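Given next are the chains, with one letter for each unit.
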Amino acid sequence: MKWPNHGGQPETIKKLLHMKDEKALLDFSANLNPLGPPSWLSDALQQQYDTITRYPEPTYSKASASVAEHEGIDQDMVLMTNGGAEAIFLVAKYFEKGKALIAHPTFLEYERACTHYHIDVEDLIVEDKSGFTLPVQLIQEKVAEKDVLFLCRPNNPTGTVIPEEDLQLLVEVGKKSGTYVVVDEAFVDFLPTSIPTLTSWLSAYPNLIVIRSLTKMYTIPGLRIGYILAHPTVIHALKNEQIPWSINSLVDAIVPKLLEDRDFVDNTRIWLHEESRNVFSSLSALDYYFSPSLVNFYLLQDKKSPDRTDELFYFLLENGILTRHTHNFKGLHGKFIRIAIRSHIENQQLLGALQKWRNEV
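Residues numbered from 1 in each chain as written. Predicted model: local features only at pLDDT ≥ 70, side-chain atom pairs only at ≥ 80, totals over all residues. Heavy atoms only, no water.

Quick look at the sheet that holds strand S10 (residues 297-302) now. The antiparallel open sheet is built from four strands, whose spatial order is S9-S10-S13-S12. The sheet terminates laterally at strand S9 (288-290) and strand S12 (324-325), the two strands that pair on one side only. Pairing analysis gives three bridges linking S9 to S10, with the strands arranged antiparallel. Across the sheet, Tyr288 pairs through a bridge with Asp302, a residue of S10. Running over the sheet, helix H12 (residues 309-318) touches S9, S10, S12 and strand S13 (337-340) and is turned about 35° from S13. (Pairing = 2+ DSSP bridges. Helix = DSSP H or I, 4+ residues; strand = E, 2+ residues; numbered from the N terminus. Contact = heavy atoms within 4.5 Å. Axes fitted to C-alpha atoms, helices over the stretch in contact; angles between N-to-C directions.)

As structure tokens, this is what we get:
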């Protein structure tokens, strides 16, 4: 079967598997905040409705200024993008026909973007037996030979986080060798506040490029909101490659309001800490493996039947639960499924289905 490249596609899965349209599915395949969108967003978008009758302001100054203030950096270090995907492809363009290192399993778009811009990619596979811990020493040895290293922190699909000291070592090595380090922080807002973002590093490391997304935390993937944080020379070069009016007027108007709502983010973190603790405790009791995730998704495998993951995927689907396969994540070979943390009621339904699988297997 030709598996979809991304989660959040229940209708596509139904068609591929010839399921009835009316079949109800709980979507655990997309890593979106089940608490969102914020309650005020619908009215705010309605208030900005008239902006769609005008061309967006070409520099998206409202959005970029609010991001700069939010991150505590200069506005010339910010580039708004049409979601994280455009950010990744713009960054890849900067290294066109160069050499890249990508640590897998990780988000598929890094490799796709590199292929698009004829970048020679070396893959480094991180073993699940290590808890998906990056082999920092090995990466350090390879970084100097590359133009760019792509990392995801927290990583998709594992939910793991590169320790700050390890990441700083790699950025330091890259600075000395002229290698850029691209860190995708699309899910950083879900992390505990004890784990800082990398914004404060930008002034010391001109070879650091940070990619962000607002779509996951606020549950607005249809609005496509992302941005790049980097040295002004990098931002200037990327701006010259960006297509005109990449950002729509609604996004430019709404970004400041999203970033002002810190209560929503704080409440999400509090909820996620409690809910994920409950979910992982139940999974342990049922004897399932789950990756040491710190965010709103994790990899799952049945310890007792690790070679029956596809069967588990279909079993959950039959029980009304859609998870994310891992057949197109390098290094995973479909041996795990990725599952989002959903609402408490939905998580209980998932756990009930996993209990049912355990009883039948």
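Inspection of the secondary structure assignment puts Glu57 in the loop between helix H2 (41-47) and helix H3 (61-71). For Glu57, a relative accessible area of 32% translates into the label partly exposed. Between the C-alpha atom of Glu57 and that of Ala85, which follows or precedes it by 28 residues, the distance is 21 Å. Separated by 2.8 Å, the side chain of Glu57 and the backbone nitrogen of Ser61 make a polar contact. (Buried < 20%, exposed > 50% of the residue type's maximum accessible area, 1.4 Å probe, protein only. Polar contact = N/O pair within 3.5 Å; in protein donor to acceptor, adjacent residues only side chain to side chain.)

Overall, the coordinates contain 16 aromatic pairs when judged by the stated rule. Taking 5.6 Å as the distance between ring centres and 15° as the angle between the ring planes, the aromatic pair formed by Tyr218 and Phe264 counts as stacked. Remark: Phe264 occurs in helix H11 (residues 262-285) and Tyr218 occurs in helix H8 (residues 215-218); sequence separation between them is 46 residues. Given the relative accessible area of 0%, Tyr218 is considered buried. Note on Phe264: relative accessible area 12%, which makes it buried. (Phe/Tyr/Trp six-rings, centres within 6.5 Å; stacked < 30°, edge-to-face > 60°.)

This part is about helix H10 (residues 249-260). The element H10 is largely enclosed, with a buried count of nine among its twelve residues. Of the residues making up H10, those classed as buried are Ser249, Val251, Asp252, Ala253, Ile254, Val255, Pro256, Leu258 and Leu259. Contacts made by the buried residues of H10 are with H2, H3, strand S2 (78-81), H8 and H11. At the N-terminal boundary of H10, the capping side chain belongs to Asn248, with an oxygen 3.0 Å from the backbone nitrogen of Leu250.

Time to look at the pairing of strand S8 (residues 226-229). Along S8, one buried face is formed by Gly226 and Ile228 and the opposite face, lined by Tyr227 and Leu229, is buried too. One ladder, built from four bridges, connects S2 with S8; its direction is antiparallel. Within S8, the position partnered with Thr81 by the bridge is Gly226.

Another point: the sheet that holds strand S6 (residues 180-184). Strand order in the open sheet made by the seven strands is S2-S8-S7-S6-S5-S3-S4, with mixed pairing throughout. Of all strands in the sheet, those bounded by a partner on one side alone are S2 and strand S4 (120-125). Adjacent strand axes in the sheet meet at a mean angle of 20° when their direction is disregarded. When strand S7 (residues 208-213) meets S8, the two strands line up antiparallel, connected through four bridges. Paired with Ser213 across the bridge in S8 is Gly226.

Turning next to the UniProt feature "domain: Aminotransferase class I/classII large" (unreviewed entry) in the chain. This chain's UniProt record puts "domain: Aminotransferase class I/classII large" (unreviewed entry) on residues 25-352. Segment residues 25-352 splits into 39% helix and 17% strand. End C-alpha atoms: 15 Å apart. (UniProt positions renumbered as here; feature names shortened; annotations may be inferred.)

Further remarks concern the pairing of S10. Along a regular strand, successive side chains alternate from one face of the sheet to the other. In terms of burial, S10 is a largely internal element, six of the six residues being buried. Burial along S10 is two-sided: the face carrying Phe297, Leu299 and Gln301 and the face carrying Tyr298, Leu300 and Asp302 are both buried. In this structure, the hairpin formed by S9 and S10 is closed by a connection of six residues. Across four bridges, the pairing between S10 and S13 is antiparallel. Of the residues in S13, the one forming a bridge with Phe297 is Ala340.

With an omega dihedral of -5°, the bond running from Gly36 to Pro37 counts as a cis peptide bond. Locating Pro37 in the fold gives a position in the loop between strand S1 (26-27) and H2. The omega angle of the peptide bond from His104 to Pro105 is 5°, so this bond is cis rather than trans. Counting through the fold element by element, Pro105 comes out in the loop between strand S3 (99-104) and helix H5 (109-116). Positive phi outside glycine occurs at Arg224, with the angle close to 55°. By the element assignment, Arg224 lies in the loop between H8 and S8. The backbone phi angle of Asp287 is positive, close to 65°, even though this residue is not glycine. Here Asp287 lies in the loop between H11 and S9. Looking at Asp287, the relative accessible area reads 26%, which means it is partly exposed.

Following both chains from N to C, one finds helix H4 (residues 83-94) and helix H9 (residues 232-241) inclined at 105°, their axes separated by 10 Å at the closest point. With respect to H9, the axis of H4 lies roughly perpendicular. For the pair H4 and H9, the contacting residues are Leu90, Val91, Lys93 and Tyr94 in the first and Val234, Ala237, Leu238 and Glu241 in the second. Across the contact of H4 with H9, the residue classes tally to six nonpolar, no polar and two charged. (Parallel < 35°, antiparallel > 145°, perpendicular 65-115°, else oblique. Nonpolar A, V, L, I, M, F, W, Y, C, P; charged D, E, K, R; others polar.)

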